[in-house]
Amino acid sequence: MLGVFIALGASLAWAGSSILLKYLSSRIDAIAVNMMRLWVGMIALIVLVFAVGRAGDILHTPLLPILLVVASGVLSNAIGDTIYIRSLSYLDVSISYPISQSAFPVLTLTAAFFFLNESFTWFNILGAALVIAGIFTIVRNNKKAAAAKTTVKGVVMTLIAAMLWASGSITLKIGLEKVDTFTAAAIRVTMAALVLTTVAFSRKPEERPKLNTYGARNLWLVASAGLLTYGIGAIGYVTAMHLIGAGKTTLLSASAPIFLLPMSVLILKERLSPRALVGVCVAVAGICLVAI
């Protein structure tokens, strides 16, 4: 059960981060936002690795698992997250996030079954179906009201992000067999930060990040999003994956829209209907079955 609670905690952190990212998506370029929050997460994770005495573990780790962890970070954090942040420019967070969190677990669950030989009970499969059904109910609830903002480009970008997250999750699970979880979290975020920084500063001068133009408030929000996503969320996700496997961790992570919905109502002033509440309840029931 410890892995279940850790995965849910990571989901809560990611939901809070998505609210911040929606606010920032119209103010700062997606690549710049993700680059800065990756650096915040990288610093937090490196400090944690040294604090718990795990820094020397990397010297005794085979190269291939490290490369797999690096690949997972580039796929999920550098590319996938940047595309997702960009999708928020075209879609409301109440649309984009549930879509991505519906596709992400299905893709990861399927890949984990075929490539990692992970086993699931019928309760787990039923729970997965309920989680996805609940999230789709939430999406359908918001579909009409958000039709003006829901574009084909935004939906496609969201689904591509989900595919990259799923690929990164499977790659990470394989690498975790030989890499310490804390060290893996630090490696994947650090390499993602370096890759994205290289991309950000390789662009035209007018497109490069300019921290002095963003404002102190926005920079604080970026830092908070970084700590939530790559500090609390990343550590929780990697630890839960190690404890309960890639498929179950991903399914439990799909509960994030349940936390995001009330946040979007209180903070972003989005409307909450009875149908949305039904969707939340169905998804919660699914989470309970996945946890069995």
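Please refer to the structure placed before this passage.
Residues numbered from 1 in each chain as written. Predicted model: local features only at pLDDT ≥ 70, side-chain atom pairs only at ≥ 80, totals over all residues. Heavy atoms only, no water.

Each α-helix turn comprises 3.6 residues. Residues three or four places apart therefore point the same way. In this model helix α1 (residues 2-25) runs 34 Å from its N-terminal to its C-terminal C-alpha over 24 residues, within 8% of the 34 Å that 1.5 Å per residue would give. Taken across its 24 residues, α1 has 17 buried, putting it largely inside the fold. (Helix = DSSP H or I, 4+ residues; strand = E, 2+ residues; numbered from the N terminus. Expected span 1.5 Å × (residues − 1). Buried < 20%, exposed > 50% of the residue type's maximum accessible area, 1.4 Å probe, protein only.)

Before going further, it helps to examine the pattern of salt bridges. Per the counting criterion, the structure on display carries 2 salt bridges. Between Arg-203 and Asp-29 there is a salt bridge, with the nearest N and O atoms lying 3.2 Å from each other. On the criterion of sequence distance, the pair formed by Arg-203 in the loop between α7 (181-200) and α8 (216-244) and Asp-29 in the loop between α1 and α2 (30-51) is long-range, its members being 174 residues apart. (Salt bridge = Lys/Arg side-chain N within 4 Å of Asp/Glu carboxyl O.)

As a rule of thumb, nonpolar side chains are buried together in soluble globular proteins. Core analysis: the biggest nonpolar cluster contains 57 residues, and Ile-28, Leu-38, Tyr-84, Tyr-97 and Leu-172 have the highest contact counts within it. Sorting the residues of this core by element identifies α1, α2, α3 (63-87), α4 (93-115), α6 (152-175), α7, α8 and α10 (256-266) as the ones contributing at least two each. At 10 residues, α2 tops the list of elements feeding residues into this core. Aside from chain neighbours lying at most four places away, what touches Leu-38 is Asn-77, Ala-78, Val-189, Ala-192, Ala-193, Leu-196 and Tyr-230. Of all hydrophobic cores here, the second largest spans 5 residues; its members include Tyr-90, Leu-91, Ile-99 and Met-157. (Core = buried A, V, L, I, M, F, W, Y, C linked by side-chain atoms within 4.5 Å. Contact = heavy atoms within 4.5 Å.)

Turning our eyes to something else, we now look at the packing of α2 against α7. Contact geometry of α2 with α7 gives a least axis separation of 8 Å together with a crossing angle of 150°. Taken together, α2 and α7 sit at an angle that is classed as roughly antiparallel. Note on packing geometry: the crossing formed by α2 with α7 is left-handed. Considering only residue class, the contact of α2 with α7 consists of 19 nonpolar, 5 polar and no charged. (Axes fitted to C-alpha atoms, helices over the stretch in contact; angles between N-to-C directions. Parallel < 35°, antiparallel > 145°, perpendicular 65-115°, else oblique. Left-handed = near helix turned anticlockwise from the far one by under 90°. Nonpolar A, V, L, I, M, F, W, Y, C, P; charged D, E, K, R; others polar.)

For the pair α4 and α6, the least separation of the axes is 8 Å and the interaxial angle reads 35°. Regarding α4 and α6, the two cross each other, and that crossing is right-handed. Of the residues in α6, those in contact with Ser-96, Ile-99, Ser-100, Gln-101, Ala-103, Phe-104, Leu-107, Thr-108, Ala-111 and Ala-112 of α4 are Val-155, Thr-158, Leu-159, Ala-162, Met-163, Trp-165, Ala-166, Ser-169 and Ile-170. Its residues assigned to classes, the contact of α4 with α6 comprises 13 nonpolar, 6 polar and no charged.

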